[in-house]
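Reading the structure
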Amino acid sequence: MTEPKGTPPRLSISPTRPNPGWILLAVIESLRTFVVAFVALVFSSRERGAAAIAVGALLIGAAIVIWRFLQWRMLSYEAVDRTITMRSGLVEKSTRSLQVERIQSVDTHETPLGRLLGIQEVHLTSAAAGPPIVVPALKSREIDELKIWIDAHQGGLDAAEAKEGDPHSELSASAEFPKWTLSHREVVLAGMTSGRIAPAIALIAAGWRLFGDVVPDEVWERLPIDPNRLELSTVVFVLGVAAILAWAFSILGAVMAHWNFTVHRSGDNLVVSSGLLDRRQHTVPIRRIQAISMVEGVLRQPFGFASLMVESAAGVHGADQGGEVRSMLPFVPTRSVPKVMDALLPEFAWSPEAVAWHTLPSRAMARYIVPSIRSFLVTQALICFALFVIPSVEWWLGLVFLPALPLWMLFAYLQYRDAGWSLGEDHQLLLRHRTLDRRLVITRGRSVHIREIGSNPLQRRASLASITLRLATVGSGGVITLRHVDRTEGQALMTSLE
């Protein structure tokens with residue numbers, strides 16, 4: 001958050017209603033929920049007369065406009081005595097307050113219609129779990145005034161909280177940081193390699209079901225496909241079309257989310273902006289960052305690309321309570337990651353040549369590969385047994401998955417090979433592990449809140465152990481577990497982090 005030059009800070013912001021444009025945005029949001037039901041009603045009632053449908057639609061629309069207007073009359077926000085208060089509610093009144101010293105980030109959200117009206121939402125996020133305080137429909141001038149008020153009243157925060165134990169604490173005051181952007185080509189490549197096919201398939205399935213409910217039966221009868229007599233070629237064709245559509249939706253989602261993506265450093269904050277239609281700007285305080293995760297997805301590893309995620313201690317809503325995970329850079333060449341970190345977050349920068357990795361001992365390899373073989377064979381046996389008890393189905397058809405065993409073993413070997421850690425002299429901690437994606441977590445020893453080390457009887461015989469490190473965030477980099485490390489080296493790491 002930066003203060004516009006020449007704008008003096010206000011001591012307080014008196015109770016203020018959002019811009020009246022909020023009414024239009026709220027009415028459109030409400031009408032969208034009725035679109036599907038209205039379309040289905042039109043198709044199902046086209047023989048009953050359009051007049052009754054039109055009158056009903058007008059009555060519903062008028063009721064929504066009146067309701068949203070009354071809601072707007074009850075909306076107001078104020079900033080007084082180091083506290084921001086948001087009041088809302090027509091039937092059930094609500095008052096939410098947030099002390100200025102608890103504010104961790106000030107984010108903005110601008111929709112296409114909001115852009116035409118010149119208004120944005122402001123999201124005030126605190127370190128507590130729960131949803132942020134949302135101040136809707138503010139003009140740019142009002143947003144600047146609110147940011148200035150927050151900056152002015154946060155000036156008395158204890159600077160030692162941000163600088164304690166950090167050798168790079170003076171960087172933001174003296175260094176100039178560049179802006180990193182994604183080209184249009186990189187945005188498309190990010191969608192092609194994101195691996196988010198499953199959500200796209202779910203979206204296609206939902207759309208297909210809606211399409212089936214709306215389209216009349218006579219249209220389906222004209223299709224040259226008999227659902228009761230499907231051939232193998234037809235099934236393959238349908239699955240191929242679904243896969244292509246899912247991939248296309250994945251690319252489209254990336255374009256919508258990451259178009260005009262920029263990330264830059266502004267003082268003590270990392271500012272991330274993106275969006276084609278809905279434009280969002282996220283502000284992440286540097287002092288709240290617990291770790292940076294470099295994620296190499298399955299589709300990106302062969303081509304040398306990754307994404308960078310910010311693991312912050314600021315609270316968010318929904319399933320991520322207690323921490324937040326935000327995209328710092330959704331697509332970047334792996335070899336360029338140290339350069340990006342040095343340019344934007346020198347507090348977390350590292351030199352790959354200077355890293356001394358502690359890898360797993362060779363005696364741990366079998367403890368990755370043998371259990372994977374056992375689980376694969378047990379699963380294979382269960383599949384064959386299930387086919388055996390099904391009438392008129394040959395049990396040996398389940399063996400079609402058996403050629404995948406070498407790939408399963410290769411994945412277990414990669415889990416063994418990629419696990420490791422490095423602890424630098426400045427207490428910088430690098431942790432490397434693999435689930436399906438390969439991850440490198442960059443953090444500091446002081447950010448590790450909980451350290452665990454344990455070993456079962458079989459591990460003790462081989463002088464092995466498993467270690468778990470927990471940060472103050474719920475992201476994939478917030479809990480790191482390394483299995484079958486050398487017990488002596490694992491205990492030395494636990495001691496070094498104390």
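Residues numbered from 1 in each chain as written. Predicted model: local features only at pLDDT ≥ 70, side-chain atom pairs only at ≥ 80, totals over all residues. Heavy atoms only, no water.

So, about the sheet that holds strand β3 (residues 83-88). Strand order in the open sheet formed by four strands is β1-β2-β3-β4, and the pairing between neighbours is antiparallel. What marks the edges here is a single partner per strand, and that holds for β1 (13-16) and β4 (94-99). Between one strand axis and the next, the sheet turns by 15° as a mean value, whatever way the strands run. Here β3 runs beside β4; their pairing, made up of six bridges, is antiparallel. Considered in β4, the bridge of I84 is made with L98. (Pairing = 2+ DSSP bridges. Helix = DSSP H or I, 4+ residues; strand = E, 2+ residues; numbered from the N terminus. Axes fitted to C-alpha atoms, helices over the stretch in contact; angles between N-to-C directions.)

Let us now look at the nonpolar core. I292, L308, M328, M341 and L345 are the most contacted members of the largest nonpolar core, which totals 33 residues. Those residues within four positions of L345 in sequence are excluded, and the remaining contacts are R265, L270, I286, I289, I292, M328 and V340. Counting 27 residues, the second-largest nonpolar core is a separate cluster that includes W22, Y77, V122 and A137. (Core = buried A, V, L, I, M, F, W, Y, C linked by side-chain atoms within 4.5 Å. Buried < 20%, exposed > 50% of the residue type's maximum accessible area, 1.4 Å probe, protein only. Contact = heavy atoms within 4.5 Å.)

This structure, assessed with the given rule, holds 13 salt bridges. In this structure, R363 and D486 form a salt bridge, with 2.6 Å as the shortest nitrogen-oxygen distance. Pair noted here: R363 is in the loop between β15 (358-359) and α12 (365-389) and D486 is in strand β21 (residues 479-486), with a separation of 123 residues, a long-range link. A salt bridge links R444 to D426; the nearest nitrogen and oxygen atoms lie 4.0 Å apart. (Salt bridge = Lys/Arg side-chain N within 4 Å of Asp/Glu carboxyl O.)

A sheet is described by the order of its strands in space; here seven strands give the open sequence β7-β6-β5-β11-β10-β9-β8, paired in antiparallel fashion. The open sheet has two edge strands with one neighbour each: β7 (133-138) and β8 (179-181). Across the sheet, the axes of successive neighbouring strands diverge by a mean angle of 15°, strand direction being ignored. Bridge count for strand β9 (residues 262-266) against strand β10 (residues 269-274) is five bridges, and the pairing is antiparallel.

The next thing to look at is the packing of aromatic side chains. For the structure shown, the criterion picks out five aromatic pairs. Taking 4.5 Å as the distance between ring centres and 20° as the angle between the ring planes, the aromatic pair formed by F305 and F331 counts as stacked. With F305 in strand β13 (residues 305-312) and F331 in strand β14 (residues 324-333), this residue pair connects regions lying 26 residues apart in the sequence. For F331, a relative accessible area of 2% corresponds to the buried category. In this structure an aromatic cluster arises from ring pairing among Y368, Y413 and Y416. (Phe/Tyr/Trp six-rings, centres within 6.5 Å; stacked < 30°, edge-to-face > 60°.)

Direction vectors running N to C along α12 and helix α13 (residues 405-418) enclose 150°, while the axes themselves pass 9 Å from each other. If you check the angle between α12 and α13, you find them roughly antiparallel. When the axes of α12 and α13 are compared, the crossing they make is right-handed. Seen from α12, the contacting residues are M365, Y368, I369, S372, I373, S375 and F376; seen from α13, they are L405, W408, M409, A412, Y413, Q415 and Y416. (Parallel < 35°, antiparallel > 145°, perpendicular 65-115°, else oblique. Left-handed = near helix turned anticlockwise from the far one by under 90°.)

In this section: the confidence of the model for the chain. When pLDDT is averaged across the chain, the result is 81; 77% of the residues are at 70 or more. Mean pLDDT across the secondary structure elements of the chain bottoms out at helix α5 (residues 160-163), with 43, and peaks at β15, with 95. Ignoring residues within four places in sequence, the model shows residues 1-6, a span with pLDDT below 50, making 13 contacts including any to other chains. Confidence drops under a pLDDT of 50 for residues 315-322, and excluding neighbours within four residues, the segment shows 20 contacts in the predicted structure. (pLDDT = per-residue confidence, 0-100.)

Taken across its eight residues, helix α11 (residues 337-344) has six buried, putting it largely inside the fold. Three or more residues of α11 are buried, namely V337, P338, V340, M341, A343 and L344.

Turning our attention to the pairing of strand β6 (residues 120-126). Extensive coverage of β6 is indicated by the burial of six of its seven residues. Bridge count for strand β5 (residues 103-110) against β6 is six bridges, and the pairing is antiparallel. Within β6, the residue paired with V106 across the bridge is L124. In this sheet, β7 lies alongside β6 in antiparallel orientation, the contact comprising four bridges.

Next up on the list: the pairing of strand β2 (residues 76-80). Side-chain direction in a regular strand flips from residue to residue, so the side chains alternate between the two faces of the sheet. Counted residue by residue, β2 has four buried out of five residues, so it is predominantly covered. Inspection of the sheet shows β1 paired to β2 by two bridges, in the antiparallel sense. Within the sheet, the bridge partner assigned to T16 lies in β2 and is Y77. Looking at chain direction, β2 and β3 are connected through five bridges and run antiparallel. What sits directly across from Y77, in β3, is M86. Where β2 hands over to β3, the hairpin turn is made up of two residues, of which D81 adopts a positive phi near 55°.

Here the focus is unusual backbone geometry. Non-glycine residue R82 carries a positive phi angle of around 60°. Structurally, the position occupied by R82 is in the loop between β2 and β3.

Attention now moves to the environment of A137. Inspection of the secondary structure assignment puts A137 in strand β7. The exposure class of A137 is buried, given its relative accessible area of 3%. For the pair A137 and I23, spaced 114 residues apart in sequence, the C-alpha to C-alpha distance is 9.3 Å.

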